[in-house]
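Structural features, examined
Okay, here's what each chain looks like letter by letter:
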Amino acid sequence: MNIESLREFIVFSRYLNFSKAALHLNLAQPTLSSHIANLEKELGFKLVVREQPVRLTMAGKRFCTDVKGILEDLDEAVSSCRQMSDNSGVITFEQPIRINGFGRAIDRLVLLFRKENPGIDVKWTSHKGTTLIDALAAGRVDGGFSATNMAAELDAEQSALVSLTPLPHIDPGEFYLWMHQSNPLCACGSISVASLNGCSFLIPSSVAYLPLESLARAASEKFGIQISCSCWPGSYEECILNISPKEVMLVNDEERLEPAYAVVDNRCFKKVSGIEEFITPCFVSSASNRNPALRQFEEFLAKL
C-alpha cells in the first residue's frame, strides 16, 4: 500500500474538500481524487461520500483514526532508526601497546563506548614497522592510542595533520630508572626530570614507542637538558642483561615484574618524579578524517 496515499487521505480528512486538500499537498485536484479512488479500490470499501456535503463514510472515519496512529508509529520508528543509523558505522583503531595496564585501560574505554553506541562496530588492526602517524596518513586506521603526550613528539607539519584528545583519566602509573649501581643517579634519594641531564637511555626495539623520544624533546625545551636515546636491536631480555654502566632504562610498574631484572647483579631501580606531564596518554586521529563514527567516539571522549 502506498504510504503517500495514506498521508494524502489524512490531509483530505482535515479539509473534506478535494481542491483545498490538493492545494495543501501541491497536487492537482484530479490527481488527489484519483489517488483516493485507487486507495478505496485497493481497500475494498469506500472512504469518501463524494456527493454534497462531501464527508467520510463510517469506515472512512475509523480507517482515518487507525491510520493516523499507524503513521505516527511509523514516523517515530523511522526517526528512532535514523538516529541509530547516525550512530552506526565502523571505526578502525591501531592496536594499543600493552604496557603498565595501558592496554587494559583502553579496552575498558572502548567497551564503554560500544555499550553506549551499539550500532558502531570497532575493529582493531596492527601495522608493524610503521608509526601510528604513518598509518593515519595512509588512511589505514581512523585513530589510535598513545601512552605518551604525543604533542611533544610531533613537528609542526605533523601537528597540523592530526587531532589529539588527552586521556587524563587513564593513569600511566609509576616510572623508574633501571641502571648500574656505579651510576651517580643510583645514589640519589629521588630523581627528577631535571636531574636526567646527560643520561643515555637504552630502548628495547620491541618497546621503542615508550615515552623516551617525547621525554627527550620536552625535557630539552623545558629544562634545557640533553637526553640521548639508543635502541637495542635484540630482545627485551637481552637489553636488560646487556645494559652498560653508562646507560639507563625507563621502566614502568608492570615491566619491573620481568624476570630478567631479578637475575642481573649490581643494578638498582630508582623512581622518577615529575615525568607525568610528558607522558599523558592521548587519542590520536587524522584531522581530515570525516568518518561520522569517529566524530562520535571523540565526542564520547570529551564527555568523560
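Let us look at the structure shown here. None of these values were measured; they are calculated from a predicted model. (Residues numbered from 1 in each chain as written. Predicted model: local features only at pLDDT ≥ 70, side-chain atom pairs only at ≥ 80, totals over all residues. Heavy atoms only, no water.)

Looking at the state of the cysteines
Put simply, the rule reads: Defined by distance alone, a disulfide is two cysteine sulfur atoms within 2.5 Å. A run of H or I in DSSP counts as a helix once it spans at least four residues, and a run of E counts as a strand once it spans at least two, with each numbered from the N terminus. Per-residue accessibility, obtained with a 1.4 Å probe over protein chains only, is compared with the maximum for each type, and a residue is labelled buried under 20%, exposed over 50%, and partly exposed between these values.
A complete count under the given rule lists 1 disulfide for this structure. Covalently, C186 is tied to C268 through a disulfide, its sulfur atoms 2.1 Å apart. With C186 in the loop between β7 (175-180) and β8 (191-192) and C268 in strand β12 (residues 267-273), the pair connects residues that are 82 residues apart, well separated along the chain. Accessibility classification places C186 together with C268 in one group, the buried group. Between C188, a cysteine without a disulfide, and C186, which holds the nearest cysteine sulfur, the sulfur-to-sulfur distance is 8.8 Å. Free of any disulfide, C199 has its nearest cysteine sulfur in C188, 9.5 Å distant. A relative accessible area of 8% means that C199 is categorised as buried.

Re the packing of helix α1 (residues 3-15) against helix α2 (residues 18-25)
How we decide: The axes used here are C-alpha line fits, helices contributing only the stretch in contact, and every angle between their N-to-C directions lies in the interval 0 to 180 degrees. Under this scheme an angle from 65 to 115 degrees is roughly perpendicular, one under 35 degrees roughly parallel, and one over 145 degrees roughly antiparallel; angles in between are oblique. Handedness of a helix crossing follows the sense of rotation of the near helix relative to the far helix, less than a right angle counterclockwise being left-handed and clockwise being right-handed. Whether two residues are in contact is decided by their heavy atoms, any of which lying within 4.5 Å being enough. Note on residue categories: nonpolar means Ala, Val, Leu, Ile, Met, Phe, Trp, Tyr, Cys or Pro, charged means Asp, Glu, Lys or Arg, and polar means any other residue, Gly included.
It is at 8 Å that the axes of α1 and α2 come closest, and there the two elements cross at 130°. Overall, the two elements α1 and α2 adopt an arrangement that is oblique. Judged by the sense of rotation from one axis to the other, the crossing of α1 with α2 is right-handed. Two secondary-structure elements touch here, α1 through E8, V11, F12, R14 and Y15 and α2 through F18, K20, A21, H24 and L25. Of the residues contributing to the contact of α1 with α2, the split by class is 6 nonpolar, 1 polar and 3 charged.

Notes on the packing of aromatic side chains
To be explicit about the condition: Each aromatic pair joins two rings of Phe, Tyr and Trp (for Trp, the six-membered one) with centres within 6.5 Å, and gets the label stacked for planes under 30 degrees apart, edge-to-face for over 60, and tilted for any other angle. For a Lys NZ or an Arg CZ to count as sitting over a ring, it must be within 6 Å of the ring centre and within 35 degrees of the ring normal.
What the rule picks out here adds up to 18 aromatic pairs. Arranged with centres 5.1 Å apart and planes meeting at 50°, the rings of F145 and F283 form a pair that is tilted. In this pair, F145 is assigned in strand β5 (residues 143-146) and F283 in strand β13 (residues 282-286), connecting sequence segments 138 residues apart. F283 shares its class with F145; the two are buried. An aromatic cluster of at least three residues, connected via ring pairs, comprises F93, F113, W124, F145, F283, F297 and F300. Looking at R256, its charged tip hangs above the ring of Y176, at a distance of 4.2 Å from the centre. Directly above the ring of F269 sits R256, whose terminal nitrogen or CZ lies 4.7 Å from the centroid.

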